[in-house]
Amino acid sequence: MALRLSIRRAEPHSVDVPLLAVALPKNTKLPAALDALDASLGHALGRTLARRDFRGARDESLHLAGGDKGAQRILLVGLGDGTDSAGALRRAAAIAGRQARKLGVGSLAFWSENSSDSAIEVAAAGLITGAWEYSDLKALPPEDERKPSLEEAIILTGDSKGAEDALARGAAIGEGIALARRLAMMPGNLCTPDFLAYTARDIAKRYGMKITVLGREEMEKEKMGSFLCVAQGTPQDPKLIAMEYRKGSGKPVVLVGKGLCFDSGGISIKPAQGMEMMKFDMCGAAAVLGAMQAIAQLELPVNVVGLVGSTTNMPSGTAFKPGDVVRSHLGKHIEIINTDAEGRLVLADVLSYARKFSPAAVVDAATLTGACVIALGHTAIGVFGNDDSVIQEVLAAGQRSGEPGWPLPLWDDYKELIKSDVADLKNSGGRAAGSISAALFLKEFVDYPWVHLDIAGTAYSETDLGFIPKGPTGIPVGLFIEFIRGRAG
Ligand code: BES
Ligand code: MN
Ligand code: ZN
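Residues numbered from 1 in each chain as written. Chains lettered and ligands numbered in written order. Predicted model: local features only at pLDDT ≥ 70, side-chain atom pairs only at ≥ 80, totals over all residues. Heavy atoms only, no water.

**Points about the pairing of strand E6 (residues 152-156)**
Part 1 of the reasoning: When you tally the buried positions in E6, you get four out of five residues, the bulk of the element.
Part 2 of the reasoning: One ladder, built from five bridges, connects strand E1 (residues 4-8) with E6; its direction is parallel. When the sheet's bridge partners are listed, Arg 4 is paired in E6 with Glu 152.
Part 3 of the reasoning: The pairing of strand E5 (residues 107-112) with E6 spans four bridges and is parallel. In the sheet register, Ser 107 faces E6, and the bridge partner there is Glu 152.
Part 4 of the reasoning: As for the winding sense of the linkage, the β-α-β connection from E5 through helix H4 (residues 117-131) to E6 is right-handed. (Buried < 20%, exposed > 50% of the residue type's maximum accessible area, 1.4 Å probe, protein only. Helix = DSSP H or I, 4+ residues; strand = E, 2+ residues; numbered from the N terminus. Pairing = 2+ DSSP bridges. Right-handed = clockwise from strand over helix to strand, strands pointing away.)

**Digging into the sheet that holds strand E12 (residues 333-335)**
Part 1 of the reasoning: Taken in spatial order, the three strands line up as E11-E12-E16 in an open sheet, and their pairing is mixed. Both outer strands of the open sheet, strand E11 (325-327) and strand E16 (425-426), are each paired with one neighbouring strand and no more.

**A look at the site of ligand 1**
Part 1 of the reasoning: Of all residues adjacent to ligand 1, which total 16 residues, the nearest are Lys 270, Asp 281, Asp 340, Glu 342 and Gly 370.
Part 2 of the reasoning: One of the side-chain nitrogen or oxygen atoms of Asp 263 is found 2.9 Å away from an oxygen atom of ligand 1.
Part 3 of the reasoning: Within the side chain of Lys 270, a nitrogen or oxygen atom sits 2.9 Å from an oxygen atom of ligand 1.
Part 4 of the reasoning: In isolation ligand 1 has 510 Å² of accessible area, and contact with the protein removes 80% of it. (Near = heavy atom within 4 Å. Polar contact = N/O pair within 3.5 Å; in protein donor to acceptor, adjacent residues only side chain to side chain. Areas by Shrake-Rupley, 256 points an atom, 1.4 Å probe, with all protein chains shown as cover.)

**Some words on the coordination of the zinc ion (ligand 3)**
Part 1 of the reasoning: Coordination sphere of the zinc ion (ligand 3), protein contribution only: Lys 258 (NZ), Asp 263 (OD), Asp 281 (OD) and Glu 342 (OE), at 2.0 to 2.4 Å.
Part 2 of the reasoning: Angles of 77 to 173° at the metal separate the six donor atoms of the zinc ion (ligand 3), which places the site in the octahedral class.
Part 3 of the reasoning: Sequence spacing of the donor residues for the zinc ion (ligand 3), all on one chain, is K-x4-D-x17-D-x60-E.
Part 4 of the reasoning: Since its relative accessible area comes to 1%, Lys 258 is described here as buried. (Donors = N, O, S within 2.8 Å, 3.2 Å for Na, K, Ca; no water. Tetrahedral: all angles 85-135°; square planar, octahedral: opposite > 155°, others 65-115°.)

**Examining the packing of aromatic side chains**
Part 1 of the reasoning: For the structure on display, the rule yields five aromatic pairs.
Part 2 of the reasoning: Centroid distance Phe 195 to Tyr 198: 5.7 Å. Interplanar angle 35°. Geometry classified as tilted. Placement of both Phe 195 and Tyr 198 in helix H6 (residues 193-207) is noted, with a separation of three residues, approximately one turn of the helix.
Part 3 of the reasoning: Using a relative accessible area of 22% as the deciding quantity, one classes Phe 195 as partly exposed.
Part 4 of the reasoning: Directly above the ring of Phe 467 sits Arg 91, whose terminal nitrogen or CZ lies 3.9 Å from the centroid.
Part 5 of the reasoning: Its end group placed over the ring of Phe 357, Lys 356 keeps NZ or CZ at 5.8 Å from the ring centre. (Phe/Tyr/Trp six-rings, centres within 6.5 Å; stacked < 30°, edge-to-face > 60°. Lys NZ or Arg CZ within 6 Å of the ring centre and 35° of its normal.)

**Details of the coordination of the manganese ion (ligand 2)**
Part 1 of the reasoning: Taken together, the protein ligands of the manganese ion (ligand 2) are Asp 263 (OD), Asp 340 (O), Asp 340 (OD) and Glu 342 (OE), with distances of 2.0 to 2.2 Å.
Part 2 of the reasoning: Around the manganese ion (ligand 2), the six donor atoms are arranged such that angles at the metal cover 72 to 165°; this shape is classified as irregular.
Part 3 of the reasoning: Each donor residue of the manganese ion (ligand 2) lies on one chain, and together they are spaced D-x76-D-x1-E.
Part 4 of the reasoning: Between the two metal centres, the manganese ion (ligand 2) and the zinc ion (ligand 3), the spacing is 3.2 Å, with Asp 263 acting as a shared donor.

**Things to note about the domain arrangement of the chain**
Part 1 of the reasoning: Domains assigned within the chain are domain 1 (4-158) and domain 2 (174-488).
Part 2 of the reasoning: Between the C-alpha centres of domain 1 and domain 2 the distance comes to 36 Å.
Part 3 of the reasoning: Taken together, the contact pairs 14 residues of domain 1 with 21 residues of domain 2.
Part 4 of the reasoning: Here domain 1 and domain 2 share an interface that buries about 1,500 Å² over both sides, 59% of which is from carbon and sulfur atoms.
Part 5 of the reasoning: A per-residue breakdown of the area domain 1 buries against domain 2 is headed by Arg 98, Trp 132 and Tyr 134, which together make up 43% of the total.
Part 6 of the reasoning: Across the contact surface, domain 1 and domain 2 share three salt bridges.
Part 7 of the reasoning: Notably, a salt bridge pairs Asp 464 with Arg 98, separated by 2.8 Å at the nearest N-O pair. (Domains from an automatic or database assignment. Contact = heavy atoms within 4.5 Å. Buried area = accessible area lost by both parts, 1.4 Å probe. Salt bridge = Lys/Arg side-chain N within 4 Å of Asp/Glu carboxyl O.)

**Observations concerning H4**
Part 1 of the reasoning: With 15 residues, H4 ought to run about 21 Å at 1.5 Å a step, and its terminal C-alpha atoms sit 21 Å apart, in line with that.
Part 2 of the reasoning: Where burial is concerned, most of H4 is hidden: 13 out of the 15 residues are buried. (Expected span 1.5 Å × (residues − 1).)

Below you can see the structure in the form of C-alpha cells.
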C-alpha cells in the first residue's frame, strides 16, 4: 500500500506516534528545538549526544526508548557533515522510512532542524523511497507474528506557506522512483516488454499523454533491423514505446531507456553465475517511465517525450548470431561480433527514431556495459555526449538529485575500435575502453544534442546499501526529473 504523507505543525515532544525519527548533523549539541523532547525523555537524548554514543555521521542511526508521553520510540539518524544538505536529508529520511518498515510500526514522524520547503520536498521523497519494498511475491507471516504495516509518515515542521506544495512535489518524485524500482524488481517473466507497454499506457491515460507503441510488425515497416535482430530469438513481441507529455513550448527533451527485460547474452551466452541479475537490464526503461510519471504529476511546463526500447535477448534457432550483418533504421550496416552487445543495437534504432520528434536534447539511460562497473564502480553514472553544455547540465542535475555522474571521453581516436571489415560498424569493440566504444557506437545514430548515461554500475545493488535495500536503486529517475526541472526554468 502507498505511504500516506502529511505535514504537522507540532513540536517533536508532543506527537503521539509509535516512532519519531530525529535527523541530526555530525557532532552536534542538542538543538534548542529538542529541549522539550529531551526533558520528556528524562534527558536521555542529551546524555546520548554528550557520551557520543551517537555522532550524527552519515547513515548512522540509533534507537532510543520513548518516554511516558509522546512518541513510543525515538530513532536518531545522522546527516553527516552537511556538505550536501539536500542529499543528506533525503538519505536520512530514507533510513527513517526503512527502519520504520523493518520495525513494523504503522506510522512515523520525521523531524529535522531544517524546515524549508526544499527540505520538506527531499524528506518526503526520502521517506517514500525508504519505505519502498517489493513484497508482492511473498506470503504474509502467520497472523500472530504479523506486525502493522507502515501506512503513514508525518513530517514535523514550522509554519510555511509552501509546505503542502513541497510535500506533494516530494511525493511525486518519491513515487516515480518507487515505480522504477518496482518495475526493475519484478522478475523477467512478469515484467515483459508487454508489461512495460501496459504500464506506459496506464501512465499516459492517467495524465493525458499521447502514446504510441510499435510492435514487431510496425518496427519491420520502419526497417529497424538493428533493434529487430536482437528480438529475433524471442517469441515475445518487442515494444518501442513513445509517450508524449506536452505542457510547454518548443522542441521537446527526449528521454530514452534501454528495456531489456532479460539479457541472456543470446548466442554469445553469458555465464550462469549471476545471470538472474540480467532481469535488471531494463532499469533505463524503468527510469524513463518513473520520470515521465513524476514529470506529469509535477505538472512541469515543458515538452518531454519518453522512449523505451524493450525486448529480451535469447538464444534460439531463430536468434541472430555473430558474423551477421544488419541494416539499421538510419541505414548504416552493423556487423554483429557479439550478440551480448545487444543494448546498443536496440538503442541505435530508438535514437534514430527520436529524430522524428526534432529533439532539443536527448538523454538516454542504459545498463550498457560491464566495463562501466569496472571504470566507475557502483558510485557514479558514466556520462558521455556530443555537447559539452548539455553534459554539464546533466552532471549538475545528477548532483542535485544525489545521483552523481562522471564524464568519460568520446574522442575520435577510439573510433578504430568499432570499425568493421564488412560493414559500416561492428557492435563490439572488445574489452579495452568498453564503455567508450559502446557510447561511440550510439553516437553514430544521433544528429542532435545528446547525452548517454551508462547506469550498469548504479542501477541496482548486489548488497544492502542501508538507505536502499539490495536490488534496484531507481537511478536515474531523480537526475531525469532535475534535468527537466532545470529546463522548465
Ligand atoms: N547488459 C549488459 C551490460 C551489463 C553488465 C549491465 C553487467 C549490468 C551489469 C550488456 O548488454 C552487455 O552484455 N554488455 C557486454 C558488451 C560486450 C559483449 C562488448 C559487456 O559489458 O560485457
Ligand atoms: Mn548483453
Ligand atoms: Zn544488456
